[in-house]
Structures are given as structure tokens and as C-alpha cells.
Amino acid sequence: MEFDATYHEICSTQTVQSEKRGFFNEFCVDVRDACGDKWLRNYFGKLKSNAARVLSIFSDREVCDPVLGVLEHVQPVFKQKDALFSAQRRAQADKLYLMSGSPSGSGEPEEIRELLQQALMAANLAVMRAPDRNADPVIDDGLTLALAYKSRASILIRLGEGEAALNDLKLAINFGLELKSSVDYYLKMAKAYAVMGEPARAEISLKIAEKMPGCDSTHIALCRKEIAAVKPKPKEATSEQVPQLAHGESAELVGASKVVRLVETKEKGRFVVANEGLRTGDVLLCEEPVAACLEPTYFGTHCHHCFKRLRTPVSCLHCSGIAFCSAQCMGEACSSYHRFECEYMDLMIGSGMSILCFIALRVFTQASSLEQGLATANLLFEHLCSHEEERQPEDYLRRTLMSGFLLRILQKSLYFGRRKTEGVNPTAVELQVATALLGLLQVLQYNAHQIYQTQVTEEHRFDGSKTVYLAAGLYGTGSYFNHECWPSTACHFVGKKLVLTATKPHRANESVAVNYGPIFIKNNLKERQRALRGRYSFSCNCMACQENWPLLQKLDKQVRFWCTSANCSNLLKFPKDLAKDVRCPRCRKNISLKESVAKLIKIEELYREAARAMEAQKTGEAIELFKEGLEMFFHVAALPHKDTIVAQQSLHKCLSDTGTTFKKDGK
């Protein structure tokens, strides 16, 4: 297919600048206008290294003025704390909480729950906007955050979420409230344990309360009576599970199974192939990302650190722009990468930079040291595809300017410690970091993975479920899997872990493929090739492309059987008359397909049984049935076969259900 240079440029630009309205686009245009075509083509375009490109934007007279002029104005831009706003939201939450438990009892249970949900929303806002302890001593004596957690704990107890309530009570103490000398604290603990279905712990909390000075025995008796009437909320079962790799982990490939290995050819570069014995359903990869970032669209709904859906957010102590699912996630993030990103998060979002730029920065901000960050970045650039030879000068300039912008954020956030000057011009070490960032921006374009979770409904785990792409990550081993327009693996995520599972058996040395986006069941050959050339700079030669398979809706139910003669790999059409043998044109033998047809009938029955198991929401049973049917199919027949394509899709859906899922209300 003819190469579409314009489309390729658009695709490439979007991997750096995802929002045209961001200021980075204007920055690029201004620099481009200042340098002119002659400098770009004849000088910058002929530079041979990333180090030379980075150095040029800071030192070359043609461009350094507009570059330095913008970068020297980089300042913190983030959503700050507001103690007064937090106190107001807490008061609103307390009012709604009291209304939900009014003595009149006139409200119906649905109305009461709605009031409690509104109270929880207000309390969440109070938590998110409250500053750290003593940051604003004028309001709440500096205890705004602790009081917000205390208020939310009461609401959570009424909603039957005892464990979350206990966590909030602990946080209220951590942030300054002297609760352990309070009778009310132990009564709240007792109620929380009761809704968790732990009556023994609830009784211990009540007995501690009884022994405290100033205890009202009547109040304790009422509380004990209230607890006795509590119906513990059943714990929501989770289907999320980290799978075991088939036959253990490879010694050469991090996170990969022993049933796969890495090979290299001149035409395809490095890619993953099967060893002997790779079966349908084998888990081939279970890998943590080198770095992963949440899309800004989901900052208010998912944990910034682990990507878990938020129900009771825990805030950063300095900014209000992101949230965490727990104090643990908050502590891990704020002790590593977030301390450098915190004050510049809204600036980065406002720049319009793509999620890949966030990941490039994260490689450094999460590293235990600058040296480790450099080592990781340089190793990735050395081993992963970046298509340096195909890049145009405009593309290199755009990425070089982005690396300069990211470097400036690191400078301003004291990533390099206290600098001797506030000037933009980088030191030798800072130049190394900017150069490594530029390499990452090239590598990420072709190697990043979108991370998704499955949103399920209250009614059914499969009907009405949808895939939500909410983050992106870079996976070292995962990046080595090549593309096919109908992949031989299913990809899903458990938290940040990338899991790849075989959806067919593989012969030794057969390529183990994933899908980069364009897929034959939805996109025709021309569309797929255009997308792959534009986005990934290669033309696909997979079987779906070679044979130009039709879209799923146009695919008939015809099947091609393997010749049953030993060492023959020819495909034979479904016989018109089963009673007669079929002549194989390759091995020139007469072949009976009766047994193959009988197996196909059994295979399709397994597919139907698996579909019934899905309807009954028996995910594990459905997976096993699909695995059995698919394993049988590929031994007797070949794709495309409509029922088998649908079975592979369904297996993928079932595997995703064992990964990270969430319901719309946050559970």
C-alpha cells in the first residue's frame, strides 16, 4: 500500500501533543516559525544524535531565544488546598447525614440511601480539599483534614462500609484528632465491626468504651441494642486474580512464561515465538510496567497510583488534583514520583501533552535515583524499536522541544537538587536526562500499551459490560510481541499487570502475536494497512492480510480442514459428500474428513456450552470450555471460521472478567 505521509505525520504528532488547544502546540509553531525551513532541513535535520538535537535547542542562535523565553516562565500550576471550602463541604455532609437519620423516620430506605450518598460525595470533597495538619490553623485549629475523615467515617458506617470507616478513623487520628480517649471513637469502631460481620471485635470495642471516664451506660446500652439489630453487609466477591505463568517464568524474559522465547530476524527485528507445547489458555505473560500513568480524564475516579476505582478517596497532602484509594498508595506515590509532579500537574495537562509524555517523565520521577532513571531510559532506547531512520526533522524538533519542557519541570521541582542558577540552560547531567527523555519519547510511540478495565453492570457481568481505557504503560517484555490483525493471544490487566493468554495452540517457532488496534473483524484490509503504516510505520503481512479475510459480519460459516496425511499442511474445503474421500492436491492422497467433521460438531457443542456458562455468569467454567473447544479446533481446522472467531472473542471477555473490573458506582 502507498505510504500516506500526511496521515503518518498526524499520527506521530498525536503521540506527543494529544490536545491541539494546549499551549505546547503554540510553542512548537513559534519555534518552527523562528528557525525557518532552511535551518530545520539543512542543519537540525542532519544531526545524527539525540544529544546533538537537545543541545541545539538550548544553544543554537536560530532557536534558543524562543525556546528559553518559554521555558524560563515554567511555574507551578496545580489545584491548591482550601480549608474553608473543605469545612463548608464537611458541614454539608454532616447536615445530610443528620437528615438521613432524622427521628421522624419518614424517609423511605431508598431516600435515606440517596441522602447518605450525597453526604458521602460532600465528605469526599471535604477530604480532597483539606490541607495537611496545621497548614491553616485559623480554620478548625488546623485539623480540617482530620475532621473530614471523622465525618466521612460516620457516613460510611451507615452505608455498611465498615472497613473503609475504620481506615478513616485511623486517618483522623494520624492527622491530629485525639480520638482514642473518646467514648464516641470506640462506639464508632464497634458499629464498624458490626457492619463488617465481626461481632466479637464490636463487643471488645464496646467494653473498652464502658471502662472510659465519663461513659454513659444508657448510651452504651442503646448502642449495643443498635448493633444487635445490624445486618452485616455481605462482602462483595471479587473475580480479580493474578494468574500463574504456564510452566514457570523464563530466565531470559522478565514476566514471561518458559513456553515462549525471544528471536531476532533482519526483517522483523526482535519478537516472541512459541517453544514446544504451547497450548490454548496458557498464560504467557504477567508483567508489571516499567512505568504507567493514569489518563488525566480519570484523575477524579481512579487511584493515581494503582488505578483502582475510587469510592473513598485519600488526597495528596499538598494538591487537590489527584486522589488515591488508600493511605498506602498515597504514601508510595508521594514518597517517589508525585513529589516532583505534584505542583506541575495542571501545567502538564494544560500543555496538551500526550499520556506518553507523562510516562517518559515518570521513568525518571519514580526512579530511586537519577542514575537509575538514566540507566532504565537508555536501556529501553537501546533495546526497543524507535524507527529513527524514518523520522522527519519536524518530528524530531517537536519531540526535542517536549524533552526540553519535561526537563524544565524536573529542574523546577528540584529533581536535580538545589541548582546554582534559576536559568534554563542545562548542566551536563541535565543534558543527559533531556537526551534520555527524547529517546523515551521515540520508543514510547511504538511500544506503549493502553491499560483498560472492564465496567460491569449490577445485572450481569457480561451483558452490558464495556472496556474502559484509562491509562497507558510501557512493558519491557510485552513490547516484544508482534502484531497480527487477528491475534493469537488475549490481553487483559490485573491492576497494572499486563496478562497475555494464548487463544490457540502454537507450533514450535510460531510467532505469538498481539493486536495493536486495527483488527480484521472490524476494519478492512485497506483501513488496517493505512492505520498500521501511519501509526506504527510497518505494513502487516499476517494471514488475515495475506488472504484478505472478510469482516466478521460478512464471514460465512465455511471451514477449512487440515489434511490428515502425515507431514502435509494443506487445507481442504468442507466436503460436499462426507461419504466420499477428498483428494489432497499437495500430498496427492485420498483423505477422509469424517473424523474431522465429527470433531467440529463436538467443538461447536463446546462453544455453545461455554456460552451458556457465560449467560449463567460462571466465568471459570466458561473459560475451561472455550479452551477445550479452541484447542480441538486448531488441530483439525484453520481460521477464518466464524464460530471460532466468536469463541476466541468470548474467551477474551471471560479472561478480562478475571482481571480488574468495576461497577459504575465505584465498586
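A.B. asks: Can you help me understand the pairing of strand S10 (residues 497-502) in this one?
C.D. replies: Along S10, five of the six residues are buried, which leaves the element largely enclosed by surrounding structure. In textbook terms, the turn of a hairpin is the stretch between consecutive antiparallel strands, and for strand S9 (residues 489-494) and S10 this stretch comprises two residues, one of which, glycine 495, has a positive phi near 65°.

A.B. asks: So what exactly am I meant to see when it comes to the nonpolar core here?
C.D. replies: Within soluble globular proteins, side chains that are nonpolar generally end up buried alongside one another. Counting residues in each nonpolar core, the largest one holds 153 residues, and the members touching the most others are Phe364, Leu401, Met402, Phe405 and Val433. With sequence-adjacent residues up to four places away left out, leucine 401 is seen in contact with Phe24, Phe27, Cys28, Val31, Ile57 and Val67. Ile519, Ile521, Ile603 and Leu655 belong to the second-largest nonpolar core, a separate cluster that totals 49 residues.

A.B. asks: What am I meant to see in the pairing of strand S1 (residues 260-265) here?
C.D. replies: Two elements, S1 and strand S2 (residues 269-274), share six bridges in a ladder whose sense is antiparallel. What sits directly across from leucine 262, in S2, is valine 272. From the end of S1 to the start of S2, which pair antiparallel, there are three residues.

A.B. asks: Is there a simple way to explain the packing of helix H9 (residues 183-195) against helix H10 (residues 199-210) in this structure?
C.D. replies: Between H9 and H10, the shortest axis-to-axis distance is 8 Å and the interhelical angle comes to 170°. The angle between H9 and H10 falls in the class roughly antiparallel. As H9 runs across H10, the sense of the crossing is left-handed. Between H9 and H10, the contacting residues are Val183, Tyr186, Leu187, Met189, Ala190, Tyr193 and Ala194 on the first element and Arg201, Ala202, Ser205, Leu206, Ile208 and Ala209 on the second. Class assignment for the residues of the contact of H9 with H10 results in 11 nonpolar, one polar and one charged.

A.B. asks: Explain the sheet that holds strand S7 (residues 448-456) to me, please; I cannot follow it from the model alone.
C.D. replies: Consider a sheet: its strands pair through backbone hydrogen bonds, and that pairing is either parallel or antiparallel. Spatial ordering of the open sheet is given by S4-S8-S7-S16, a layout of four strands whose pairing is mixed. Each end of this open sheet is capped by a strand with a single partner; those strands are strand S4 (291-294) and strand S16 (661-663). Taken over all neighbouring pairs, the strand axes of this sheet differ in orientation by 40° on average, direction set aside. In this structure, S7 lies alongside S16, joined through three bridges in parallel fashion. Note on S16: the bridge partner recorded for valine 456 is lysine 663. Helix H18 (residues 428-447) contacts S7 and strand S8 (466-474) of the sheet and is inclined by roughly 50° relative to S7.

A.B. asks: It is not clear to me how the side chain of serine 656 should be interpreted in this structure. Could you clarify?
C.D. replies: Position of serine 656 among the secondary structure elements: in helix H23 (residues 642-657). Those residues in contact with serine 656 that lie beyond four places of it in its chain are Tyr452, Thr454, Cys491, His492 and Thr661.

A.B. asks: Would you take a moment to explain unusual backbone geometry for this structure?
C.D. replies: Trans is the prevailing form of peptide bonds, just as negative phi is the prevailing case for residues other than glycine. That bond from leucine 639 to proline 640 is cis: its omega, 5°, falls within 30 degrees of zero. Relative to the elements of secondary structure, proline 640 occurs in the loop between strand S15 (637-638) and H23. Positive phi is not limited to glycine here, since aspartate 140 has a value of about 55°. Residue placement: aspartate 140 occurs in the loop between helix H6 (109-129) and helix H7 (144-158). Residue classification places aspartate 140 among the partly exposed residues on the basis of a relative accessible area of 24%. Unusually for a residue other than glycine, asparagine 567 sits at a positive phi of about 65°. For asparagine 567, a relative accessible area of 86% gives the class exposed.

A.B. asks: Where do I start with the packing of H7 against H9 in this structure?
C.D. replies: Closest axis-to-axis distance for the H7/H9 pair is 10 Å, and the angle between their directions is 35°. Crossing of H7 over H9 shows left-handed handedness. Here Lys150, Ser154 and Ile157 of H7 lie close against H9, whose contacting residues are Asp184, Lys188, Lys191, Ala192 and Val195. The class makeup of the residues in the contact of H7 with H9 is three nonpolar, one polar and four charged.

Quick notes on the rules
- Residues numbered from 1 in each chain as written.
- Predicted model: local features only at pLDDT ≥ 70, side-chain atom pairs only at ≥ 80, totals over all residues.
- Heavy atoms only, no water.
- Buried < 20%, exposed > 50% of the residue type's maximum accessible area, 1.4 Å probe, protein only.
- Helix = DSSP H or I, 4+ residues; strand = E, 2+ residues; numbered from the N terminus.
- Pairing = 2+ DSSP bridges.
- Core = buried A, V, L, I, M, F, W, Y, C linked by side-chain atoms within 4.5 Å.
- Contact = heavy atoms within 4.5 Å.
- Axes fitted to C-alpha atoms, helices over the stretch in contact; angles between N-to-C directions.
- Parallel < 35°, antiparallel > 145°, perpendicular 65-115°, else oblique.
- Left-handed = near helix turned anticlockwise from the far one by under 90°.
- Nonpolar A, V, L, I, M, F, W, Y, C, P; charged D, E, K, R; others polar.

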